[in-house]
Amino acid sequence: GAGVSQSPRYKVAKRGQDVALRCDPISGHVSLFWYQQALGQGPEFLTYFQNEAQLDKSGLPSDRFFAERPEGSVSTLKIQRTQQEDSAVYLCASSLEPKTGRNQPQHFGDGTRLSIL
Amino acid sequence: AQKITQTQPGMFVQEKEAVTLDCTYDTSDPSYGLFWYKQPSSGEMIFLIYQGSYDQQNATEGRYSLNFQKARKSANLVISASQLGDSAMYFCAMRESTTSGTYKYIFGTGTRLKVLA
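These figures come from a predicted structure and were not determined experimentally.

A. Expanded view of the overall build of chain B. Along its length, chain B carries zero helices and 12 strands. Along chain B, helices and strands appear, N-terminal first, in the series β-β-β-β-β-β-β-β-β-β-β-β. Computed over its C-alpha atoms, the radius of gyration of chain B comes to 14 Å, within 12% of the 13 Å expected for a compact globule of 117 residues. Overall, chain B is about 50 × 30 × 20 Å in size when its C-alpha atoms are taken along their principal axes. Put simply, chain B has 117 residues, and 51% of those count as buried. Restricting the contact set of chain B to residue pairs at least 6 apart, pairs at least 24 apart contribute 53%. In the structure as shown, chain B presents an accessible area of about 5600 Å², 49% of it carried by carbon and sulfur atoms. Within chain B, the 10 negative side-chain charges are centred at a point lying 3 Å from the centre of the 11 positive side-chain charges.

B. Spotlight on the interface of chain B and chain A. Every contact between the two is made by 21 residues of chain B and, on the other side, 24 residues of chain A. Summing both partners gives a buried area of about 1900 Å² for chain B against chain A, and 52% of it is carried by carbon and sulfur. In this structure, the connection of chain B to chain A is made through one salt bridge. Residue D56(A) pairs with K104(B) through a salt bridge whose shortest N-O separation is 3.9 Å. Counting every contact that joins chain B to chain A gives five residue pairs in polar contact (both at pLDDT 80 or more).

C. Region of the structure containing the sheet that holds strand β7 (residues 65-68) of chain A. All names here are of chain A. An order of β1-β3-β8-β7 is seen for the four strands of this open sheet, with the pairing classed as antiparallel. At either end of the open sheet lies a strand with only one pairing partner, and these are β1 (5-7) and β7. When strand polarity is set aside, the average angle formed by the axes of neighbouring strands in this sheet is 15°. Bridge analysis of strand β3 (residues 19-24) against strand β8 (residues 75-79) gives five bridges, and the strand direction is antiparallel. The residue bridging R22 from the neighbouring strand is T76, located in β8.

D. Fine view of the nonpolar core. One finds Y25(B), W36(B), I49(B), L77(B) and Y90(B) to be the most contacted residues of the largest nonpolar core, which totals 25 residues. Going through the elements one at a time, β3 (19-21), β5 (33-39), β6 (46-52), β8 (64-69), β9 (74-79), β10 (88-97) and β12 (111-116) of chain B are the ones with two or more residues in this core. At four residues, the largest contribution of residues to this core is made by β10(B). Residues within four places of I49(B) in sequence aside, it is in contact with L34(B), F35(B), W36(B), A59(B), T60(B), E61(B), Y64(B), S65(B), L66(B) and L77(B). In this structure, V4(A), F65(A), A67(A) and L77(A) belong to the second largest nonpolar core, which totals 20 residues.

E. Spatial organisation of the state of the cysteines. All names here are of chain A. Using the criterion set out here, one finds two disulfides over all chains in the structure. Here C23 pairs with C92 through a disulfide, and the sulfurs are 1.8 Å apart. Here the disulfide of C23 and C92 is left-handed, its torsion about the S-S bond being about -65°. Here C92 lies in strand β9 (residues 88-95) and C23 lies in strand β3, a separation of 69 residues in the sequence.

F. Region of the structure containing the pattern of salt bridges. All names here are of chain B. By the definition in use, this model includes seven salt bridges over all chains. Of the charged contacts, one joins R63 and D86 as a salt bridge, the two residues approaching to 2.8 Å between their closest N and O atoms. Of the two residues, R63 is situated in the loop between β7 (60-61) and β8 and D86 in the loop between β9 and β10; the sequence distance between them amounts to 23 residues. What makes R63 partly exposed here is its relative accessible area of 22%.

Calculation notes
- Residues numbered from 1 in each chain as written.
- Chains lettered and ligands numbered in written order.
- Predicted model: local features only at pLDDT ≥ 70, side-chain atom pairs only at ≥ 80, totals over all residues.
- Heavy atoms only, no water.
- Helix = DSSP H or I, 4+ residues; strand = E, 2+ residues; numbered from the N terminus.
- Rg over C-alpha atoms; globule rule 2.2 N^0.38 Å.
- Buried < 20%, exposed > 50% of the residue type's maximum accessible area, 1.4 Å probe, protein only.
- Contact = heavy atoms within 4.5 Å.
- Areas by Shrake-Rupley, 256 points an atom, 1.4 Å probe, with all protein chains shown as cover.
- Lys, Arg positive; Asp, Glu negative; His and termini not counted.
- Charge placed at Lys NZ, Arg CZ, Asp CG, Glu CD.
- Buried area = accessible area lost by both parts, 1.4 Å probe.
- Salt bridge = Lys/Arg side-chain N within 4 Å of Asp/Glu carboxyl O.
- Polar contact = N/O pair within 3.5 Å; in protein donor to acceptor, adjacent residues only side chain to side chain.
- Pairing = 2+ DSSP bridges.
- Axes fitted to C-alpha atoms, helices over the stretch in contact; angles between N-to-C directions.
- Core = buried A, V, L, I, M, F, W, Y, C linked by side-chain atoms within 4.5 Å.
- Disulfide = S-S within 2.5 Å.

Right under this line is the structure:
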């Protein structure tokens, strides 16, 4: 497909387990963002990649959260030693910016709904 | 302080009527962008409309228009001729530059719109 693809769509894990969430952005999109969306809230910024470079990780809530995009395309968000407060929808978005003008919107994937038991 | 404020947690509108969803923002970046996204119950985030801080005219996209009042720092979304399919969560978002030379998107808490038949 032509859109942003995220997998898995749903993930259930026991507290303490490690999880890995995958994002496959739109081909050619330079920028990639990860967000955490709690129930009934807006997306909260986690981290930003421009190609393979992680330029901003200020939104990662703890050192248990780690993201990578080694070849500038697919990205993985890893959460180690999961806790119940990590339960949320994790959204990935990609954008052509800054390759093109500032009016390029982010294109979002359908998200991964993570539930920690 | 909230950078993006959406004061209406929920709104009702009669089918075929127009509705305005409020959004105010706060930034010191002179070159910012404002976006509106729609999130249906299925979870995907759908880009609706964009307004750049230097744009002289209000943005329009079909039934969507953005009432941009720069001095008041407001960017209200107007949906004309509401349809049942417009029932969803609506998020206002701002793109602003960061001190590290990158940029990030900040989302509001959203407004849940229900269109009544």
